[in-house]
Amino acid sequence: MAVLVSNVPESLSATADLRRSHSAAWICGLWAAIVVCSALAAALGYALASHLSNVDGRYVQALAGGSVLTMLADPMMPEAFSRGGRRIALLTALGFAVAAFLTTLD
């Protein structure tokens, strides 16, 4: 759930930018391809991890957390600040807090 919540703003921003130069059908096809590739990668990762001993997911979660922070810090935060102003800092902190809370529910 935390991954879903953290990726929704990124996907909406990317889709809005794509809409300026591509058709809705092309964008839907692109997202469908991303879903298929993600599912294949998840299946491959699960298959590989099931054959390793002592896999508990700590390192995978740390890598995923760093990746999410990188995705937010690089393209989204400067754009969000320029469009939304200082309120964006509070909303960003709130988003991280919600994502952190959702990860404690596991």
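### Re the overall build of the protein chain
The secondary structure content of the protein chain amounts to four helices and zero strands. For the protein chain, the sequential pattern of α-helices and β-strands runs α-α-α-α. Against the globule reference of 13 Å for 106 residues, the protein chain gives a C-alpha radius of gyration of 16 Å, more extended than a compact globule. Overall, the protein chain is about 50 × 35 × 20 Å in size when its C-alpha atoms are taken along their principal axes. The proportion of buried residues among the 106 residues of the protein chain is 7%.

### Concerning the confidence of the model for the protein chain
Per-residue confidence for the protein chain gives a mean pLDDT of 82; residues scoring 70 or more make up 97%. The spread of mean pLDDT over the elements of the protein chain runs between helix 3 (residues 58-84), the lowest at 78, and helix 2 (residues 24-50), the highest at 90.

### Topic: helix 3
Maximum bend of helix 3: about 50°, positioned at Met76, with proline Pro78 one to four residues after it. What helix 3 keeps buried is the set Val68, Leu72 and Met76. Packed against the buried residues of helix 3 are helix 1 (2-19) and helix 4 (87-104). Positive phi shows up at Gly85, right after helix 3, with a value of about 80°.

### As for the state of the cysteines
Counted according to the given criterion, the structure contains zero disulfides. Of all cysteine sulfurs in the structure, the one in Cys37 sits closest to Cys28, which takes part in no disulfide; the separation is 16 Å. The exposure class assigned to Cys37 is exposed, which follows from its relative accessible area of 52%.

### Quick notes on the environment of Thr103
Mapped onto the elements of the fold, Thr103 is located in helix 4. In this structure Thr103 comes out as partly exposed when scored by relative accessible area, which is 46%. Expressed as a C-alpha distance, the spacing of Thr103 and Ala2, which sit 101 residues apart in the sequence, is 6.3 Å. At a separation of 2.6 Å, a polar atom in the side chain of Thr103 contacts the main-chain carbonyl oxygen of Ala100.

### Some thoughts on a nonpolar patch on the surface
Side chains of Met1, Leu4, Val5, Val8, Leu12, Leu91, Leu94 and Val98 sit close together on the surface and give an oily, nonpolar patch of about 760 Å² of accessible area. Elements represented by at least two residues in the nonpolar patch include exactly helix 1 and helix 4. If you tally residues by element for the nonpolar patch, the top one is helix 1, at four residues. Its relative accessible area of 66% is what places Met1 among the exposed residues.

### Examining the pattern of salt bridges
Tallied over the entire structure, the rule returns one salt bridge. Among the ionic pairs, Arg20 bridges to Asp17, the shortest N-O distance being 2.7 Å. Judged by its relative accessible area of 62%, Arg20 is exposed. In this structure Asp17 comes out as partly exposed when scored by relative accessible area, which is 35%.

Cut-offs used in this document
- Residues numbered from 1 in each chain as written.
- Predicted model: local features only at pLDDT ≥ 70, side-chain atom pairs only at ≥ 80, totals over all residues.
- Heavy atoms only, no water.
- Helix = DSSP H or I, 4+ residues; strand = E, 2+ residues; numbered from the N terminus.
- Rg over C-alpha atoms; globule rule 2.2 N^0.38 Å.
- Buried < 20%, exposed > 50% of the residue type's maximum accessible area, 1.4 Å probe, protein only.
- pLDDT = per-residue confidence, 0-100.
- Bend = angle between axes of the 7 residues up to and from the residue.
- Contact = heavy atoms within 4.5 Å.
- Disulfide = S-S within 2.5 Å.
- Polar contact = N/O pair within 3.5 Å; in protein donor to acceptor, adjacent residues only side chain to side chain.
- Patch = residues over 30% accessible without salt bridge, like charges linked within 9 Å, V, L, I, M, F, W, Y side chains within 5 Å.
- Areas by Shrake-Rupley, 256 points an atom, 1.4 Å probe, with all protein chains shown as cover.
- Salt bridge = Lys/Arg side-chain N within 4 Å of Asp/Glu carboxyl O.

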